[in-house]
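These are the residues of each chain, in order.
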Amino acid sequence: MKKIMISLFILVSMLGFAERENEGSAIREVPALGNQGAAVENTGAVSGRGESQIPDDGGETVENPETPNEVSGVREYRPQSLIQLDEQMKKGTRSSIIQLNARYEQELNAYLESVSYNSDVIFYLANEYMMLNNYSRANKIFLKDNRDLRNVFGAATTYRFMGQHQNAIEKYNQAISINSGFAESYLGRGLSYRNLDEYDNAVSDLKTYISKTGAHDGYVALADVYFKMGKNKEAYAIASQGIAKYGNSGILRVLANNILKNKID
């Protein structure tokens with residue numbers, strides 16, 4: 001279970017600043033940030049931003065549900081009916097894909113009904129699509145369960161990957177109401193607030209995330225948000241705190257240097 005959870009949360013811990021390189025970001029000039037993020041994402045749940053180039057297929061498949069996919073390294077949790085439909089959609093025309101999507105929804109609901117909409121089944125199935133970079137499909141499956149934190153968080157995170165930040169915030173709110181101690185919900189919500197230019201809300205969430213975890217990505221995110229707000233003094237202070245704790249962080253050091261290039265009031 002822990003490994004599966006890591007695959008779902010790995011991009012959250014890597015921030016996803018590349019979702020939207022806004023003008024004025026203190027980290028936008030970090031040469032390796034985008035490449036580093038993509039490299040890490042490919043080892044876990046997702047790669048790329050997924051805002052406009054979301055595949056509508058399920059990826060490669062294998063017959064044995066207990067063996068990883070030879071191409072992607074992803075375990076197969078789809079029933080055969082969904083595998084077949086995913087394969088057909090790879091080769092379908094625009095009109096046929098509409099029909100196949102409708103059939104897929106029917107087969108998915110029938111499958112989930114057969115397992116009484118079991119939260120574990122929903123999570124493993126949706127997480128497989130996340131690992132295959134199919135955020136839209138993963139999102140639709142995560143949304144089938146509004147009780148389990150993993151699935152609510154998964155729905156929020158896939159919304160964020162697709163650039164639907166208001167929807168993401170609503171689902172992160174729900175995740176926090178389920179378990180206010182789960183720190184990654186504050187990070188994810190803070191990043192969505194950041195991308196909606198709601199900086200005060202982003203600062204609040206990122207401070208909460210740091211207070212709960214002391215994690216490296218929290219310092220990077222908060223310093224960057226302060227910089228975008230024009231609060232260079234606060235941005236540099238947070239970056240410096242992060243460097244004191246994570247001395248080998250190239251991202252924090254470049255971020256701090258970029259802040260210093262600007263006037264610190």
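Structure report, in brief.

So, how was this worked out
- Sequence order as written defines residue numbering, which begins from 1 separately in each chain.
- It should be noted that, the model being predicted, local features are given only for residues of pLDDT at least 70 and side-chain atom pairs only at 80 or more, the latter also being counted only at that level, while totals for whole chains, interfaces and linings use all residues.
- Hydrogen atoms and water are omitted, and side-chain values are computed over all heavy atoms in the structure.
- We define the nonpolar core as a collection of buried residues of types Ala, Val, Leu, Ile, Met, Phe, Trp, Tyr and Cys that are connected through side-chain atoms lying within 4.5 Å of one another.
- Burial status follows relative accessibility: with a 1.4 Å probe on protein chains alone, a residue under 20% of its type maximum counts as buried, one over 50% as exposed, and anything between as partly exposed.
- Under the scheme used here, helices are H or I runs from DSSP no shorter than 4 residues and strands are E runs no shorter than 2 residues, and both carry numbers assigned from the N terminus.
- Here, residues are in contact when the closest pair of their heavy atoms is within 4.5 Å.
- Note on aromatic pairs: the rings of Phe, Tyr and Trp (six-membered ring only in Trp) are paired at centre separations within 6.5 Å, and the planes decide the class, stacked below 30 degrees, edge-to-face beyond 60, tilted for the rest.
- To get an axis, a line is fitted to the C-alpha atoms, and for a helix only the part in contact is used. The angle between two axes follows their N-to-C directions and goes from 0 to 180 degrees.
- Throughout, a crossing is termed right-handed when the near helix is turned clockwise from the far one, and left-handed when it is turned anticlockwise from it by less than a right angle.
- Residues are grouped as follows: nonpolar covers Ala, Val, Leu, Ile, Met, Phe, Trp, Tyr, Cys and Pro; charged covers Asp, Glu, Lys and Arg; every other residue, Gly included, is treated as polar.
- Expected helix span is given by 1.5 Å per residue-to-residue step, counting one fewer step than there are residues.
- This arc describes the spread of directions from the helix axis toward the C-beta atoms.
- Nitrogen and oxygen atoms within 3.5 Å of one another constitute a polar contact, given that in protein one can donate a hydrogen and the other can accept it, and given that sequence-neighbouring residues count only through two side-chain atoms.

1. Quick word on the nonpolar core
- Counting residues in hydrophobic clusters, the biggest one holds 31 residues, and the most contacted among them are Leu 206, Tyr 209, Leu 222, Val 225, Tyr 226, Ile 238 and Leu 255.
- Of all the secondary structure elements, the ones that give two or more residues to this core are helix H8 (165-178), helix H9 (184-195), helix H10 (199-213), helix H11 (216-228), helix H12 (232-245) and helix H13 (250-260).
- Among the elements that take part in this core, H11 stands out by supplying eight residues, more than any other.
- In this structure Val 225 touches Arg 194, Tyr 199, Ala 202, Val 203 and Leu 206, once residues within four positions along its chain are discounted.
- Core analysis: the second largest hydrophobic core is formed by 29 residues, Ala 138, Leu 149, Phe 153 and Tyr 159 among them.

2. Considering the packing of aromatic side chains
- For the structure shown, the criterion picks out eight aromatic pairs.
- Arranged with centres 6.4 Å apart and planes meeting at 75 degrees, the rings of Tyr 104 and Tyr 129 form a pair that is edge-to-face. One end of the pair, Tyr 104, is in helix H4 (residues 94-114); the other, Tyr 129, is in helix H5 (residues 119-131), and 25 residues separate them in sequence. Each member of the pair, Tyr 104 as well as Tyr 129, is classed as buried.
- With centroids separated by 5.2 Å and ring planes inclined at 85 degrees, the aromatic side chains of Phe 153 and Phe 182 adopt a geometry described as edge-to-face. Remark: Phe 182 occurs in the loop between H8 and H9 and Phe 153 occurs in helix H7 (residues 149-161); sequence separation between them is 29 residues.

3. Structural notes on the packing of H4 against H5
- Two numbers describe how H4 lies on H5: the axes approach to 11 Å, and their chain directions differ by 145 degrees. Our pair here, H4 against H5, has a crossing hand that is right-handed. Residue-level inspection shows Tyr 104, Leu 108, Tyr 111 and Leu 112 of H4 in contact with H5, the latter providing Val 121, Ile 122, Leu 125 and Tyr 129.
- Grouping the constituent residues of the contact of H4 with H5 by class yields eight nonpolar, no polar and no charged.

4. Concerning H4
- An ideal rise of 1.5 Å per residue puts 30 Å on 21 residues; H4 measures up with 30 Å between its terminal C-alpha atoms.
- Along H4, the residues that are buried comprise Leu 100, Tyr 104, Leu 108 and Leu 112. Taken around the axis of H4, the buried residues stretch over an arc of 100 degrees, which confines them to a single face. Pointing more than 90 degrees away from the buried face of H4 are the exposed residues Ser 95, Ile 98, Gln 99, Gln 106, Glu 113 and Ser 114.
- Where H4 terminates, the next one or two residues include Ser 116, which has phi positive at roughly 55 degrees.

5. So, the environment of Arg 194
- For Arg 194, the position within the fold is in helix H9.
- Separated by 29 residues in sequence, Arg 194 and His 165 have C-alpha atoms that sit 9.4 Å apart.
- Side-chain polar atoms of Arg 194 contact the side chain of Asn 195, separated by 3.0 Å.
- A distance of 2.8 Å separates polar atoms of two side chains, one belonging to Arg 194 and the other to Asp 224.

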